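Single-letter residue listing:
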Amino acid sequence: MELRLLEYKSYTYTYLLADADTNEAVIIDPVIETVDRDVKLVHDLGLKLIYAANTHVHADHVTGSGSIKKLIPTCKSVIAEVSKAKADVKVNEGDLIKFGKFKLEVRSTPGHTDGCITFVLHEKGLVFTGDALLIRGCGRTDFQQGNPGSLYDSIHKKILSLPQSFYVFPAHDYTGQTMSTVGEELRYNPRLTKPKNEFVEIMKNLNLPYPKQIDKALPANMVCGVFDVPESS
Ligand SMILES: [Fe+2]
């Protein structure tokens, strides 16, 4: 079972994956504003949410993983070890996040940030690309530890090398598209179809605005989206 959810202020896609036999489930990139919706869905469907996994330390929204853990105490937060963010489980290249009979393979895909990871669900032919590969685009590389050269290599070696039939599910889409495939992005992505030197030039000249929520989101997301404040304060 695979459900796609949208947080429309930051255009973030959250994914809820579950094994229908065991009901074990994983949520990818939950957002703090939509935690109540997501937890209600987990309860309504009778799922056992075991992991809340982030593809990276987001700059454009606060993660919902800390709030989800308060509501579902058995759920563990997951993030890349390289990110240096706080989480119950810190993962590295090749690690497997298991739920029921399924497993998400962790692939390290730095370039948007150092700690960006991509999750591959081989059994179903799905890849969750965070802000590395977007539909007909890619994550920006002008803040955090952005590096266009390493983003280009990450996407080509770790994502576009998958079978062309694999479905691509990114962390965002600003045009309303909800999915793509590896084959489509290999053919039609206007940035990734370019040679590396041209890609780097494009990325250096995007002149994007400063992300609206970055000053709040970055420090919060280093600690699962919840600051450790006493209950009484
Ligand atoms: Fe991001």
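Residues numbered from 1 in each chain as written. Predicted model: local features only at pLDDT ≥ 70, side-chain atom pairs only at ≥ 80, totals over all residues. Heavy atoms only, no water.

A. Geometry of helix H5 (residues 196-204). Buried within H5 we find Phe199, Val200 and Met203. Viewed end-on, H5 has its buried residues packed into an arc of 100°, placing them on one side of the element. Buried residues along H5 sit against strand E12 (137-138) and helix H3 (148-159). (Buried < 20%, exposed > 50% of the residue type's maximum accessible area, 1.4 Å probe, protein only. Helix = DSSP H or I, 4+ residues; strand = E, 2+ residues; numbered from the N terminus. Arc of directions from axis to C-beta. Contact = heavy atoms within 4.5 Å.)

B. Expanded view of the pairing of strand E9 (residues 117-121). The buried fraction of E9 is high, at five of five residues. Side chains Ile117, Phe119 and Leu121 of E9 all project onto a buried face; the interleaved residues Thr118 and Val120 project onto the opposite face, where all are buried too. Pairing analysis gives four bridges linking strand E8 (residues 102-108) to E9, with the strands arranged antiparallel. Bridge pairing in E9 links Ser108 to Ile117. Between the antiparallel neighbours E9 and strand E10 (residues 126-130) lie four residues, among them Gly125 with a positive phi of about 70°. (Pairing = 2+ DSSP bridges.)

C. Representation of the sheet that holds strand E4 (residues 48-53) within the structure. Reading across from one edge, E1-E2-E3-E4-E5-E6 is the order of the six strands in this open sheet, with mixed pairing throughout. Edge positions in the sheet fall to strand E1 (2-7) and strand E6 (89-91), since each of these pairs with one other strand and no more. The mean inter-strand angle of the sheet, taken between neighbouring strand axes irrespective of direction, is 25°. Relative to strand E5 (residues 76-80), E4 runs parallel, the two being bridged by three bridges. Note on E5: the bridge partner recorded for Ala52 is Ser77. (Axes fitted to C-alpha atoms, helices over the stretch in contact; angles between N-to-C directions.)

D. Molecular detail of empty space enclosed by the protein. Counted under the stated rule, the structure contains one cavity of 30 Å³ or more. In this structure, the largest cavity occupies an estimated 70 Å³ of space. It is E5 that contributes the most residues to the lining of the largest cavity, three residues altogether. For the lining of the largest cavity, the class distribution of residues is six nonpolar, seven polar and one charged. (1 Å grid on protein atoms, 1.4 Å probe; cavity = no way out; pocket = protein on both sides within 12 Å on 5 of 7 lines; lining within 4 Å. Points joined across faces, edges and corners; volume = space filled by probe spheres on them. Nonpolar A, V, L, I, M, F, W, Y, C, P; charged D, E, K, R; others polar.)

E. A look at the state of the cysteines. Throughout the structure, instances matching the rule amount to zero disulfides. Just so you know, Cys116 is unpaired, no disulfide at all, and the nearest cysteine sulfur is the one on Cys138, 11 Å from it. (Disulfide = S-S within 2.5 Å.)

F. The environment of Asp36, seen in detail. Mapped onto the elements of the fold, Asp36 is located in helix H1 (residues 35-44). On the basis of relative accessibility, which here comes to 62%, the residue Asp36 falls in the exposed class. Between the C-alpha atoms of Asp36 and Thr129, which are 93 residues apart in sequence, the distance is 24 Å.

G. Just a nonpolar patch on the surface, in detail. The grouping of Leu6, Tyr8, Tyr11 and Tyr174 at the surface amounts to a nonpolar patch, some 480 Å² of accessible area in total. Turning to its location among the elements, Tyr8 is positioned in the loop between E1 and strand E2 (12-18). Classification of Tyr8 as exposed rests on a relative accessible area of 67%. (Patch = residues over 30% accessible without salt bridge, like charges linked within 9 Å, V, L, I, M, F, W, Y side chains within 5 Å. Areas by Shrake-Rupley, 256 points an atom, 1.4 Å probe, with all protein chains shown as cover. Salt bridge = Lys/Arg side-chain N within 4 Å of Asp/Glu carboxyl O.)

H. Structural detail: the coordination of the iron ion. Each protein donor to the iron ion is listed here as His56 (NE2), His112 (NE2) and Asp131 (OD); together their distances run 2.1 to 2.3 Å. Sequence spacing of the donors to the iron ion: H-x55-H-x18-D. Note that His112 is positioned in the loop between E8 and E9 and Asp131 in the loop between E10 and strand E11 (133-134), a separation of 19 residues in sequence. Overall, His112 belongs to the buried group, its relative accessible area being 5%. Judged by its relative accessible area of 7%, Asp131 is buried. (Donors = N, O, S within 2.8 Å, 3.2 Å for Na, K, Ca; no water.)

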